Amino acid sequence: IIGASVNAVAIEIINRIETIVGKGNYSFVIMRSSYDFRNNHSVKVIQNGRSLSRKEMRKELEALDYVLLPYNRKKYKISASGAFCDALNGEIPMLMLDSPLLKYYNKQKIGWQFSNVDDMVDFIVGILRDESTQMLEENEEIKRNIKRLKEIQREYNKKEIINIL
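Keep in mind that this is a model prediction, so the values were computed, not measured. (Residues numbered from 1 in each chain as written. Predicted model: local features only at pLDDT ≥ 70, side-chain atom pairs only at ≥ 80, totals over all residues. Heavy atoms only, no water.)

A look at helix H5 (residues 117-129)
Our working definition: Only runs of H or I of at least four residues qualify as helices and only runs of E of at least two qualify as strands under DSSP, and these elements are numbered from the N terminus. By definition here, a helix of n residues has an expected span of 1.5 Å times n minus one. Buried means the residue's accessible area, taken with a 1.4 Å probe over protein chains only, is under 20% of the maximum for its type, while exposed means over 50%, and partly exposed covers the values in between. By construction, the arc corresponds to the directions joining the helix axis to the C-beta atoms.
An ideal rise of 1.5 Å per residue puts 18 Å on 13 residues; H5 measures up with 18 Å between its terminal C-alpha atoms. The complete set of buried residues in H5 reads Val-117, Met-120, Val-121, Ile-124, Val-125 and Ile-127. All buried residues of H5 fall inside an arc of 155 degrees around its axis, so they share one side. The exposed residues of H5 that point more than 90 degrees off its buried face are Asp-122 and Arg-129.

Following this line, the structure appears as structure tokens:
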């Protein structure tokens, strides 16, 4: 999980996964949060009283296997969070709830999208219990898709800037 704020859905997902899976070789990384996670053994909060530099942020992103986007369709109908942009830039597969904008981008298969929290939790638990070869291959395909999407977007942006000028 990355981003400046952690919403109630993210907290619910973390608590449910900790209850189901228990302690294990996994962690949820949160860049900054005012929520008290002291009772959550799987949470690592990167909070040093200041914003992270781009270099520090990139280092933390490189260590992530997935980015969790627990944003519902009401809040993110036509916009996305900075976490979404950071995941794209870092070419990190995303686990996202159903929203029109994320659905639009996921046509390129940049991650997995879920219609509800239960399905998302079940999927994450499956990953934590058995990181199969098929899942690792799918992750690599998704990373290639994200890279391709970034290249397409970069070319589109160049054309738009030239048109503006």
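Following the structure, the description resumes.
Overview of the environment of Leu-68
Secondary-structure assignment places Leu-68 in strand E3 (residues 67-69). Residue classification places Leu-68 among the buried residues on the basis of a relative accessible area of 4%. Distance in space between the C-alpha atoms of Leu-68 and Ile-124 is 9.8 Å, their sequence separation being 56 residues.

Here we look at the side chain of Asp-98
The criterion, for reference: Side-chain atoms alone can form a polar contact between residues adjacent in sequence; in general such a contact is a pair of N or O atoms within 3.5 Å, and within protein one must be able to donate a hydrogen while the other accepts it.
Secondary-structure assignment places Asp-98 in the loop between strand E4 (94-97) and helix H4 (100-105). At 3.3 Å, the side chain of Asp-98 forms a polar contact with the side chain of Lys-103.

Some points on the nonpolar core
Quick note on the threshold: Among buried residues, those of type Ala, Val, Leu, Ile, Met, Phe, Trp, Tyr and Cys that are joined through side-chain atoms within 4.5 Å constitute a nonpolar core. Any two residues having at least one pair of non-hydrogen atoms within 4.5 Å are treated as being in contact.
Membership of the largest hydrophobic core comes to 49 residues, with the highest contact counts inside it found for Ile-13, Leu-69, Met-94 and Ile-110. Excluding residues within four positions of it along the chain, Met-94 makes contact with Val-67, Leu-69, Phe-84, Ala-87, Leu-88, Ile-110, Gly-111, Trp-112 and Ile-146.

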